[in-house]
Structure formats: C-alpha cells, structure tokens
Amino acid sequence: MVQILLVDDESYVTESLAATIPWETLGIERVHQAASALTAVDVLEAYDIDILVTDIRMPGMTGLELIVEVNERWPHIRSLLLTGYADFEYAKKALQLKAFDYILKPVDDEEFIKCVSVAMDSLKEEWEAFDKVHQLQYSRRNDFGVLRTHLMHDLLLGRDLSVPKIESKMSEYEIKLRTGHPASMLLIQLGKHFSDMDYHSVSLIEYAIGNIAEEVFAPDFHVWHCKAPHDCLIVLIEGNWNSFPERSADEQNRFLSAAIETFRKNVSNYLKGEIYVALTGWFKFPEELPKLYQKAIRSLYWNHQEKTDALLFIEEQTEQPHSSVKSLEGLYMHPTLTHLLESRQWDEAEAKVSRVFGKMEEVGYTREHLYELFISVTSAFMYTAHKQGRFITQMDQVGFDPLHAQKMVHSFPHLKEWIFSMMNKLKSEWSASEQSAKSYVVKQVQELISQDKGQELSVKTIADQVYLHPVYLSKIYKAETGEGLGDYIIRMRMERALYLLKYSNKKIYEITTELGYQNPQYFSKMFKKHYGMTPHEFRDQ
C-alpha cells in the first residue's frame with residue numbers, strides 16, 4: 001500500500017491537494033496531512049510513508065531540515081518540495097540534499113500529478129530491482145541447499161573424495177564445519193503426527209525443522225543440515241569451542257544434550273508434532289562419517305519401531321535380536337498368498353496376512369521388513385489382477401505411486417491398512433468380474449434359444465457353443481435366473497408353439513418339426529402339460 005504525506009503550515013494547501021488529486025488513479029491508497037515538520041516526523045514514525053511533499057518555509061522546523069531528517073532515518077522515501085519563485089535558491093539546496101523534485105506554488109494539479117507520477121515510477125523501479133536482488137539471493141540460497149545436500153549424500157554414502165576436494169566444496173558452499181575436527185551427527189525421524197501429511201507438507205515441515213536446528217545450535221555450534229538419503233533429516237554439528245575452550249568432554253556432551261532437548265521442545269511447540277532423534281558420539285569428520293551413518297540409520301529405524309525414548313544415543317544401542325530376521329517367514333509358507341488370492345480363498349488370505357503382521361509385532365521389524373512385505377504382497381496383488389485382465393493401478397492409482405509407496409513402507413499401520421484395503425478391492429473386482437461373466441453367458445444362452453430354427457437344441461449343444469461343461473452351465477443359469485436351463489428351453493418352445501398355433505395356418509405336424517420335435521405325440525403331451533390342453537383343443541376353442 002503506497003502512502004503519501006502532505007506537509008504545509010497553511011492547511012488549506014494540503015486539504016485542497018487531498019481533495020482534488022485522483023490519488024487512486026496514481027496508485028496511492030492513503031493520504032496523510034501535517035501542519036508542521038515536527039508533526040510530520042510523528043506521522044513518519046507511525047506510518048510507512050513512501051512519498052513526502054513538504055513546503056520549505058515553516059515555523060519551528062523548515063522543509064529542508066525535514067528532508068535532512070528523512071534522508072537519515074527513511075532513505076527510501078521520495079521527497080518533493082513545494083516552493084515559490086522567491087524561494088528558488090532553497091529548491092536548488094533541496095536538490096543538493098537529494099530531494100527527488102520540486103513543485104512551484106501555487107500548485108498546478110496537472111504539474112503536481114506529473115511530479116508524483118514520476119516519483120511513483122521511481123519507487124516501482126526500486127522495488128522491482130529489490131525484488132530481483134531478493135530473488136537472486138533466494139535462488140542462490142536454494143542452489144546452495146541443493147549443492148550442500150549432494151555433497152552431504154556423497155560423504156554419507158562413502159564416495160571417494162579427497163580432503164582438499166571436500167574442503168574446497170565446503171568453502172564454496174559456505175559450510176563452516178572443518179575437516180579433521182570432532183563432529184557429532186543427529187538423525188531426525190518425523191513422528192506419527194506428520195505421517196498423514198502429503199509430500200509437499202512434509203517438505204515444508206522438514207525445512208522448518210532445519211531452521212529450528214540452526215536457531216538452537218548455531219550460537220555454540222557450526223551446523224550443517226539437510227535431507228539424508230534414507231528419508232530422514234541429518235544435522236552435523238561441530239563445537240565452536242573457541243568461545244569456551246576449557247570445557248571437558250562430559251561438559252560438552254551435557255551441553256549438547258540440553259541443546260537437543262530444547263530443539264525437540266521447539267519442534268513440538270511450533271510444529272505440533274514429535275520427532276525421534278538419534279545422536280552419535282564425537283567422531284573425526286569426514287573419515288568416520290559413512291560407517292557411523294549406517295549404524296545410526298539402523299538404530300533410528302529400530303528405535304522408532306520399538307517406540308522407545310525419543311532421544312537415542314547410538315553407543316548405548318545393542319544389536320537387533322536375530323529372531324526378528326525371520327518375522328516374515330510365514331509369508332512364504334504354503335499355501336502362498338498368490339495361490340490363495342488366485343483361488344479366491346479370501347478369508348484364508350486375510351488370515352495369512354494377519355498372522356504375518358502379528359508375528360512382526362511380536363518379535364519386531366525394521367524398515368527392511370516393511371519393504372520386503374510391501375514388495376511380496378504387491379507382487380501377489382499384481383499377478384491376481386493380471387489374471388483378471390486388469391492392471392493393479394486401475395484399482396488403486398495412489399498406492400502404486402512411488403512417493404506414496406515410500407511413505408507406506410515407513411509406517412507399519414499405513415502398510416497394514418493399505419494391504420487389507422487392496423485385498424478388499426481385489427475381492428470386489430473379482431466378484432464383479434465373475435458376475436459380469438455369468439451375466440454374459442446367460443445372455444448368450446438366451447440369444448441361442450431365441451434363434452432356434454428347429455435344430456436339435458439341448459443343454460449339451462448349448463454348452464458346447466459357449467465352451468462350458470453342461471453341468472456348470474446349468475448351475476450358472478439356475479443361480480442367475482432362478483430357472484433351470486432345460487425348463488427355459490421347453491418354456492420358450494411352448495411359447496413359440498402357442499404363437500404359431502394362434503397366428504399361423506401351419507399344420508400341427510409342421511409346427512412340431514419347426515420346434516425341433518421329432519414325435520408329434522410327444523409334442524402334444526408337452527403342450528398339454530404346459531397349458532392344460534392339447535394343440536388341437538387350443539386351436540379349436
């Protein structure tokens with residue numbers, strides 16, 4: 001919002017300008033007035049003024065003195081001077097004081113508008129230039145963020161980089177850690193509160209956590225933070241021991257633990273969620289970083305699954321129990337999940353998966369277990385869907401999106417919920433597919449019977465034409481229509497016979513042949529059984 005301040009001890013001048021100038025057209029949203037330079041200073045302190053228009057001659061404090069004050073305290077303001085011909089020397093002095101321009105009195109509205117418009121254009125140019133600089137600075141910071149992350153990943157994953165190369169890159173990217181000095185590592189895993197967020201929201205949360213880490217640790221530590229390769233955040237810290245070189249190792253550790261507790265509390269207060277933190281001891285940077293990172297990753301994932309303390313000291317962790325390695329053994333026992341799904345044994349398939357999840361909860365699991373379970377079960381789902389002539393993504397597009405899949409294998413509850421949801425979808429799809437197939441068969445059968453032109457039509461001949469066993473065909477037809485297939489064939493023939501007897505002059509033996517009966521007596525018997533009278537009696541009535 002652009003604001004202008006009009007200053008003149010003759011108030012009718014400012015009131016006239018405020019009332020007659022089309023301020024909105026100029027892009028000015030608020031107009032302030034002051035009857036003296038001292039009052040103007042009060043207004044300048046209270047509001048974000050962009051343009052100042054002031055008279056030269058005023059009691060107490062002149063317009064020139066006001067411009068000097070403005071240049072010192074608010075250098076961004078464009079100052080315009082109101083002056084008469086007799087004060088032209090003052091106007092030149094004002095320009096030397098870096099006033100933007102001057103306007104002769106009495107004020108001509110058109111000249112005033114032109115002068116203010118030029119000041120507005122100057123402001124906009126300055127703002128645009130500032131935006132460009134700000135954007136360049138923002139882009140530079142973003143570029144640095146990407147470059148710092150790439151370098152961190154190279155170091156964590158053990159890429160062979162020489163110490164001079166590392167030092168050169170760290171200097172170029174303005175990373176303050178020093179090679180050969182003791183450093184400590186924090187791995188940070190987001191808690192359950194953040195697990196339901198989408199990818200973009202999680203990225204913002206991670207960015208905020210990194211900023212909080214810098215605010216908490218930066219006064220006493222050199223800090224380098226970014227996203228780690230294994231879906232967690234990493235913060236490397238190096239003590240700025242120059243400010244307190246006499247501290248012992250125990251004092252340093254106590255100091256660091258207190259800082260981490262403050263960090264966790266700030267995350268909880270500001271972002272309304274918990275985080276798990278794995279903290280290593282001091283190590284030689286960067287030589288010992290890759291090995292310690294792998295150890296910290298295993299400990300963090302195990303700790304998160306076990307739901308132990310939110311702050312984990314890596315050296316205190318014992319090895320994971322060997323019994324957990326075989327927690328998925330039941331998944332591969334016969335009958336396999338693929339066989340159960342293919343044979344439509346839905347209850348047995350759900351029971352099998354439930355047993356696997358129960359075993360994992362009993363003996364423990366890691367991210368590796370969740371990933372193995374996801375891959376194995378997904379393979380079974382895909383095979384089952386393909387057997388039905390469907391792609392699995394037609395049933396669940398989101399579940400097979402790489403970003404969503406990555407999120408699932410990081411959460412036991414999410415993976416469990418998704419697997420059972422997919423099994424229900426497969427069951428529904430298969431049932432719908434079977435129902436559709438049965439309905440199609442019934443339609444085929446009825447079309448064949450309606451086209452009957454006297455051929456030898458029976459359940460067997462129809463079954464041969466739809467490529468099904470006669471018994472299975474009869475079972476499907478009865479289940480779908482409630483009427484036996486043989487009964488339906490007879491009923492259709494009798495209805496055809498009734499129509500021909502009523503609306504044609506054909507002889508009864510001709511109708512018998514047309515309907516596929518070889519024996520007129522048998523046809524007459526069937527007709528009487530169906531309608532309570534013989535064909536002759538029906539025609540004679």
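All values reported here derive from a predicted model rather than from experimental measurement.

Calculation rules
- Residues numbered from 1 in each chain as written.
- Predicted model: local features only at pLDDT ≥ 70, side-chain atom pairs only at ≥ 80, totals over all residues.
- Heavy atoms only, no water.
- Helix = DSSP H or I, 4+ residues; strand = E, 2+ residues; numbered from the N terminus.
- Buried < 20%, exposed > 50% of the residue type's maximum accessible area, 1.4 Å probe, protein only.
- Contact = heavy atoms within 4.5 Å.
- Areas by Shrake-Rupley, 256 points an atom, 1.4 Å probe, with all protein chains shown as cover.
- Arc of directions from axis to C-beta.
- Patch = residues over 30% accessible without salt bridge, like charges linked within 9 Å, V, L, I, M, F, W, Y side chains within 5 Å.
- Salt bridge = Lys/Arg side-chain N within 4 Å of Asp/Glu carboxyl O.
- Lys, Arg positive; Asp, Glu negative; His and termini not counted.
- Charge placed at Lys NZ, Arg CZ, Asp CG, Glu CD.
- Axes fitted to C-alpha atoms, helices over the stretch in contact; angles between N-to-C directions.
- Parallel < 35°, antiparallel > 145°, perpendicular 65-115°, else oblique.
- Left-handed = near helix turned anticlockwise from the far one by under 90°.
- Nonpolar A, V, L, I, M, F, W, Y, C, P; charged D, E, K, R; others polar.
- Polar contact = N/O pair within 3.5 Å; in protein donor to acceptor, adjacent residues only side chain to side chain.
- Pairing = 2+ DSSP bridges.
- Core = buried A, V, L, I, M, F, W, Y, C linked by side-chain atoms within 4.5 Å.
- Right-handed = clockwise from strand over helix to strand, strands pointing away.
- pLDDT = per-residue confidence, 0-100.

**Q** Quick question: what am I supposed to make of the overall build of the protein here?
**A** Summing up its helical and strand segments, the protein has 22 helices and 11 strands in all. Per-residue burial for the protein yields a buried fraction of 42% across its 541 residues. Restricting to contacts in the protein with at least 6 residues of sequence separation, those with at least 24 account for 68%. With an accessible surface of roughly 30200 Å², the protein has 52% of that area assigned to carbon and sulfur atoms.

**Q** Looking at this structure, I do not really get helix α3 (residues 37-46). What am I missing?
**A** Think of an α-helix as 3.6 residues a turn; residues three or four steps apart then line up on the same face. Inspection of α3 places Ala37, Ala40, Val41, Val43 and Leu44 among the buried residues, and these make up the whole buried set. Down the axis of α3, the buried side of the element spans an arc of 165°, and every buried residue falls inside it. Exposed and oriented more than 90 degrees from the buried face of α3 are Leu38 and Ala46. Check the buried side of α3 and you find it contacts β1 (3-7), β2 (30-34) and α4 (63-73).

**Q** Would you explain a negative patch on the surface in this entry?
**A** A cluster of acidic residues, Asp108, Asp109, Glu110 and Glu111, forms a negative patch at the surface. With respect to the element layout, glutamate 111 can be found in helix α6 (residues 109-156).

**Q** What is the right way to look at the packing of α3 against α4 in this model?
**A** What describes two packed helices is the angle between their axes and the distance between those same axes. Running from N to C, α3 and α4 cross one another at 20°; their axes reach a closest spacing of 10 Å. It follows that α3 is roughly parallel to α4 by the angle criterion. Of the two elements, α3 crosses α4, and the hand of that crossing is right-handed. Counted together, Ala37, Ala40, Val41, Leu44 and Glu45 of α3 and Leu66, Val70 and Arg73 of α4 form the full contact between these two elements. Here the residues of the contact of α3 with α4 sort into six nonpolar, no polar and two charged.

**Q** Would you explain the side chain of threonine 54 in this entry?
**A** Positionally, threonine 54 belongs in strand β3 (residues 51-55). Apart from the residues lying within four places of it in its own chain, the contact partners of threonine 54 are Val7, Gly63, Leu66, Ile67, Leu80, Leu81 and Leu82.

**Q** How should I be thinking about the side chain of glutamine 3 in this particular structure?
**A** Here glutamine 3 lies in strand β1. According to the relative accessible area criterion, glutamine 3 is buried, its value standing at 6%. Engagement of the side chain of glutamine 3 in a polar contact is seen with the backbone oxygen of aspartate 48, the distance being 3.5 Å. Each residue touching glutamine 3, except ones within four places of it in the same chain, is listed here: Arg30, His32, Tyr47, Asp48, Ile49, Asp50 and Ile51.

**Q** It is not clear to me how the sheet that holds β3 should be interpreted in this structure. Could you clarify?
**A** Within a sheet, adjacent strands bond to each other through the backbone by hydrogen bonds, running parallel or antiparallel. Here we have five strands laid out as an open sheet, ordered β2-β1-β3-β4-β5, and parallel in their pairing. Edge positions in the sheet fall to β2 and β5 (101-104), since each of these pairs with one other strand and no more. Geometrically, the sheet is characterised by an average inter-axis angle of 20° between neighbouring strands, direction not taken into account. Across five bridges, β1 lies against β2 in parallel orientation. Bridging across to β2, valine 7 finds its partner in alanine 34. In the packing of α3 onto the sheet, contacts are made with β1 and β2, and the angle to β1 comes to roughly 165°. With respect to the sheet, α4 is in contact with β1, β3 and β4 (78-83), its orientation differing from that of β3 by roughly 155°.

**Q** Help me understand the packing of helix α19 (residues 485-503) against helix α21 (residues 520-531), please; the structure alone is not making it clear to me.
**A** Running from N to C, α19 and α21 point in directions that differ by 95°, and their axes come no closer than 10 Å. Considering the angle they form, α19 stands roughly perpendicular to α21. Taking contact as the criterion, the partners of Ile490, Arg491, Met494, Glu495, Ala497, Leu498 and Leu501 in α19 are, on α21, Phe523, Met526, Phe527, His530 and Tyr531. Broken down by class, the residue content of the contact of α19 with α21 amounts to nine nonpolar, one polar and two charged.

**Q** Where do I start with the nonpolar core in this structure?
**A** Taken as a class, soluble globular proteins show a tendency for nonpolar side chains to be buried jointly. Grouped together as the largest cluster of nonpolar side chains are 30 residues, with contacts concentrated most on Met185, Leu187, Trp224, Ile234, Leu236 and Phe285. Secondary structure elements with two or more residues in this core: α6, α7 (163-172), β6 (182-190), β7 (221-227), β8 (233-239), β9 (275-279) and α10 (289-306). Among the elements that line this core, the one with the most residues is α10, at six residues.

**Q** Honestly, the pairing of β3 in this entry has me stumped. Any pointers?
**A** Strand residues, when the strand is regular, have side chains that alternate between the two faces of the sheet. Counting buried residues along β3, five of its five residues qualify, which places the element largely inside the surrounding structure. Going residue by residue along β3, you find Ile51, Val53 and Asp55 tucked away on one face and Leu52 and Thr54 tucked away on the opposite face as well. Relative to β3, β1 runs parallel, the two sharing four bridges. Residue pairing in the sheet places leucine 5 in a bridge with leucine 52 of β3. Pairing of β3 with β4 involves five bridges; the strand directions are parallel. Paired with isoleucine 51 across the two strands is arginine 78, which belongs to β4. Note that the unit made of β3, α4 and β4 has a crossover that is right-handed.

**Q** Would you explain the confidence of the model for the protein in this entry?
**A** Keep in mind that low pLDDT regions are not for reading the predicted coordinates in detail. Looking at the protein as a whole, the pLDDT averages 81, with 83% of positions reaching at least 70. Mean pLDDT across the elements of the protein bottoms out in helix α5 (residues 88-96) (60) and peaks in β2 (95). Every residue in residues 316-322 scores below 50 in pLDDT, and together they form six contacts with partners more than four places removed in sequence or on other chains.

**Q** So what exactly am I meant to see when it comes to the pattern of salt bridges here?
**A** Should their charged atoms come close, side chains of opposite charge can pair. All chains considered together, the criterion is met by 16 salt bridges. Arginine 264 is the salt-bridge partner of glutamate 261, the closest N and O atoms lying 3.5 Å from each other. In this pair, glutamate 261 and arginine 264 both sit in helix α9 (residues 249-271), three residues apart, roughly one turn of the helix. The partly exposed category is assigned to glutamate 261, whose relative accessible area is 30%. With relative accessibility at 14%, the residue arginine 264 sits in the buried group. Across the pair lysine 506 and glutamate 514 runs a salt bridge whose closest N-O atoms are separated by 2.5 Å. Of the residues examined, glutamate 514 reaches a relative accessible area of 23% and is grouped as partly exposed. Each of Asp8, Glu10, Asp55 and Lys105 takes part in one network of salt bridges that share partners.

**Q** What is the right way to look at the environment of serine 524 in this model?
**A** As for its placement among the helices and strands, serine 524 is situated in helix α21. Judged by relative accessible area, which is 21%, serine 524 ranks as partly exposed. As for serine 524 and proline 535, which are separated by 11 residues in sequence, their C-alpha atoms are 6.2 Å apart. Ignoring any residue separated from it by four or fewer positions in sequence, one finds serine 524 in contact with Thr534 and Pro535.

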